[in-house]
Amino acid sequence: MLLNLKNTFDNQENSDFLKYGTPIELGKHDYLHESFRTPKDIYILCQGKLELGFHDSLGNRHTKCYYSEGEIIGYTSIKNRLDEDIYVRAVVGQTKLIKLTEANAQLLSEKNNDFARLIEKQKSLLIRKLNRRLEILFCPNVRIRLLKFIKSLADDFGEEHEGGINVKHHLTQSDIASNIGLSRKSTSLLLNQLEKEGIILNSKGKIFIPKLSRLDAI
């Protein structure tokens, strides 16, 4: 991370971020309020993790992706990706954000080199994530598609554990299926097959990968 955003959030007297922006704190499972839908506002995630998803016509919640510390969220960019009833909520307690209007974000970028570099970093990150997403969706082999998706989860959220990689997540099988363009039944069968082969150990909210290099195997 280019700067310690948690300290930036807490050090309110000396923070350019908070001179130009508004601090927001969320408890676990709290939603960003309606002002999130103001198209030109952006949010800097200083601490915690956010879940982006949508509610279907029956009111069921579906997770699409997560945001981690140091990432920037904007409604317009999200709306361009999702046409459903979208939401953003905190995954963990003590999630801290700074809200900036478009005008103040521009002023802050001109004044604060750290913020300007953070914006450039986010542009590159979004491009990489989009390219990775397209690579997964356009892969003709559904097994490889799932392996690539699991590896992307490991890259974003994996932690070393007992010689392997432990990935904690909040995705249902329907969420995973939606992300790789398969039915839930097909996704379940593929996950079971990978588990039988010892490539992953799959349980609710967690995937353990004994050997990461095996995700590259065809």
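Residues numbered from 1 in each chain as written. Predicted model: local features only at pLDDT ≥ 70, side-chain atom pairs only at ≥ 80, totals over all residues. Heavy atoms only, no water.

So what about the pattern of salt bridges? Which residues, and what values?
Under the definition given, this model contains four salt bridges. Here R89 ties to E51 by a salt bridge, and the two come within 2.8 Å at their closest N and O atoms. Taken together, the residues R89 in strand β6 (residues 85-90) and E51 in strand β3 (residues 50-55) connect sequence positions 38 residues apart. No difference in accessibility class separates R89 from E51, as the two residues are buried. Put simply, E197 and R143 hold a salt bridge, and the shortest N to O gap is 2.7 Å. Here E197, found in the loop between α8 (184-196) and β10 (201-203), pairs with R143, found in helix α6 (residues 142-157); they are 54 residues apart in sequence, far enough to count as distant. Relative accessible area serves as the criterion here: at 29%, E197 is assigned to the partly exposed category. Here R143 falls in the partly exposed class, since its relative accessible area comes to 21%. (Salt bridge = Lys/Arg side-chain N within 4 Å of Asp/Glu carboxyl O. Helix = DSSP H or I, 4+ residues; strand = E, 2+ residues; numbered from the N terminus. Buried < 20%, exposed > 50% of the residue type's maximum accessible area, 1.4 Å probe, protein only.)

Now, about helix α7 (residues 173-180): what can you tell me, with residues and values included?
Every buried residue of α7 is listed here: D175, I176, A177, N179 and I180. Remark: G181 follows α7 within two positions and exhibits a positive phi of approximately 75°.

Quick rundown of the nonpolar core? Include the residues and the values.
Soluble globular proteins tend to bury their nonpolar side chains together. By size, the foremost hydrophobic cluster in this structure holds 24 residues, and its most contacted members are L146, I150, V167, I200 and I209. Those elements that place two or more of their residues in this core are α6, β9 (164-168), α7, α8 and β11 (206-209). Top element by residues in this core is α6. It accounts for seven residues. Non-local contacts of I209, meaning those with residues more than four positions away in its chain, are made with I150, A154, G164, I165, V167, I199, I200 and L215. (Core = buried A, V, L, I, M, F, W, Y, C linked by side-chain atoms within 4.5 Å. Contact = heavy atoms within 4.5 Å.)

Break down the packing of α6 against α8 for me, citing the residues and quoting the values.
Between α6 and α8, whose axes approach to 11 Å, the crossing angle comes to 75°. It follows from the interaxial angle that α6 and α8 lie roughly perpendicular. Contacts from V142, R143, L146, L147 and I150 in α6 reach L190, L191, Q193 and L194 in α8. (Axes fitted to C-alpha atoms, helices over the stretch in contact; angles between N-to-C directions. Parallel < 35°, antiparallel > 145°, perpendicular 65-115°, else oblique.)

Any chance you could break down the layout of surface pockets for me, citing the residues and the numbers?
Each pocket or cavity is described by its volume, and for the second largest pocket that value is around 240 Å³. Forming the walls of the second largest pocket are 16 residues, and the residues nearest its centre are H170, L171, T172, Q173 and K204. Counting only elements with at least two residues in the lining of the second largest pocket, the list comes to β4 (61-67), α7 and β10. Here the lining of the second largest pocket is built from residues that sort into three nonpolar, eight polar and five charged. (1 Å grid on protein atoms, 1.4 Å probe; cavity = no way out; pocket = protein on both sides within 12 Å on 5 of 7 lines; lining within 4 Å. Points joined across faces, edges and corners; volume = space filled by probe spheres on them. Nonpolar A, V, L, I, M, F, W, Y, C, P; charged D, E, K, R; others polar.)

Tell me about the sheet that holds β10, and please be specific about residues and values.
One open sheet holds the four strands; their spatial order is β8-β9-β11-β10, and the pairing between them is antiparallel. Only two strands of the sheet have a single neighbouring strand rather than two, namely β8 (158-161) and β10. Averaged over all pairs of adjacent strands, the angle between their axes in this sheet comes to 20°, without regard to strand direction. Inspection of the sheet shows β8 paired to β9 by four bridges, in the antiparallel sense. Its bridge partner being in β9, H161 is matched across the sheet by G164. Lying on the sheet, α6 is in contact with β8, β9 and β11; it crosses β9 at an angle near 85°. (Pairing = 2+ DSSP bridges.)

Which residues make up the packing of α7 against α8, and what are the values?
Between α7 and α8, whose axes approach to 8 Å, the crossing angle comes to 100°. Put simply, α7 runs roughly perpendicular to α8. Taken together, the residues of α8 that come into contact with α7 (itself represented by Q173, S174, I176, A177 and I180) are R184, T187, S188 and L191. Its residues assigned to classes, the contact of α7 with α8 comprises four nonpolar, four polar and one charged.

Please set out the environment of H55 residue by residue, giving values where relevant.
For H55, the position within the fold is in strand β3. The exposure class of H55 is partly exposed, given its relative accessible area of 22%. Distance in space between the C-alpha atoms of H55 and D85 is 5.4 Å, their sequence separation being 30 residues. Look past the residues within four positions of H55 in its chain and what remains in contact with it is Y31, N60, R61, D85 and Y87.

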